[in-house]
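Remarks on the overall topology
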Amino acid sequence: MARRSDVLQVQGIRCERCVLRLGAVLGGLEGLESANATLMGEVTLVWDEELLDHDTIIAAIERGGFQLAA
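This report concerns the structure included in the present document. Since we're looking at a predicted model, the values are computed, not measured.

The rules behind these values
- Residues numbered from 1 in each chain as written.
- Predicted model: local features only at pLDDT ≥ 70, side-chain atom pairs only at ≥ 80, totals over all residues.
- Heavy atoms only, no water.
- Salt bridge = Lys/Arg side-chain N within 4 Å of Asp/Glu carboxyl O.
- Helix = DSSP H or I, 4+ residues; strand = E, 2+ residues; numbered from the N terminus.
- Buried < 20%, exposed > 50% of the residue type's maximum accessible area, 1.4 Å probe, protein only.
- Pairing = 2+ DSSP bridges.
- Contact = heavy atoms within 4.5 Å.
- Arc of directions from axis to C-beta.
- Polar contact = N/O pair within 3.5 Å; in protein donor to acceptor, adjacent residues only side chain to side chain.
- Axes fitted to C-alpha atoms, helices over the stretch in contact; angles between N-to-C directions.
- Parallel < 35°, antiparallel > 145°, perpendicular 65-115°, else oblique.
- Left-handed = near helix turned anticlockwise from the far one by under 90°.
- Nonpolar A, V, L, I, M, F, W, Y, C, P; charged D, E, K, R; others polar.

Let's shift gears to the pattern of salt bridges. Counted by the stated rule, this structure contains 2 salt bridges. The partner of Arg3 in a salt bridge is Glu33, with the nearest N and O atoms 2.9 Å apart. Here Arg3, found in strand β1 (residues 3-11), pairs with Glu33, found in strand β2 (residues 32-37); they are 30 residues apart in sequence, far enough to count as distant. Residue classification places Arg3 among the exposed residues on the basis of a relative accessible area of 57%. The exposure class of Glu33 is partly exposed, given its relative accessible area of 36%.

Here it is, written out as structure tokens:
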């Protein structure tokens, strides 16, 4: 298993419902081991790189209506 982690700054997280919505978007990704989000938009991710790649995670976040901070 090739474990990888990253911390992303995500725009659009404003309340607990936003955090729950993000959790629902990420919850279906096979290989994602953990995802923790704060109301400040900081999302900490840990995943198995053999099952899931970084671009797939980003695409799921964007499909959920969120954007990465520039």
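So, about the pairing of β2. One ladder, built from 5 bridges, connects β2 with strand β3 (residues 42-48); its direction is antiparallel. Across the sheet, Ala35 pairs through a bridge with Leu45, a residue of β3. A loop of 4 residues connects β2 with β3, the two strands running antiparallel in sequence, and Gly41 in this loop sits at a positive phi of about 90 degrees.

This next bit is on the environment of Ile61. By the element assignment, Ile61 lies in helix α2 (residues 54-63). Sequence separation between Ile61 and Leu45 is 16 residues; the distance between their C-alpha atoms is 12 Å. Other than its neighbours up to four places away in sequence, Ile61 contacts Leu8, Val10, Leu22, Val25, Leu26 and Phe66.

To continue, consider α2. What α2 keeps buried is the set Ile57, Ile58, Ala60 and Ile61. Taken around the axis of α2, the buried residues stretch over an arc of 160 degrees, which confines them to a single face. Opposite the buried face of α2, by more than 90 degrees, sit the exposed residues Asp55 and Arg63. Along its buried surface, α2 packs onto β1, α1 (16-27), β2, β3 and β4 (67-68). Sitting at the amino-terminal end of α2 is Asp53, which places a side-chain oxygen 3.3 Å from the backbone nitrogen of Asp55. Backbone geometry just downstream of α2 places Gly65 in the positive-phi region, at approximately 95 degrees.

As a packed pair, α1 and α2 sit with axes 9 Å apart at the nearest point and diverge in direction by 135 degrees. Taken together, α1 and α2 sit at an angle that is classed as oblique. Seen from above, α1 lies across α2 with right-handed handedness. Residues Leu22, Val25 and Leu26 of α1 pack against Ile57, Ala60 and Ile61 of α2. For the contact of α1 with α2, the residue count by class is 6 nonpolar, no polar and no charged.

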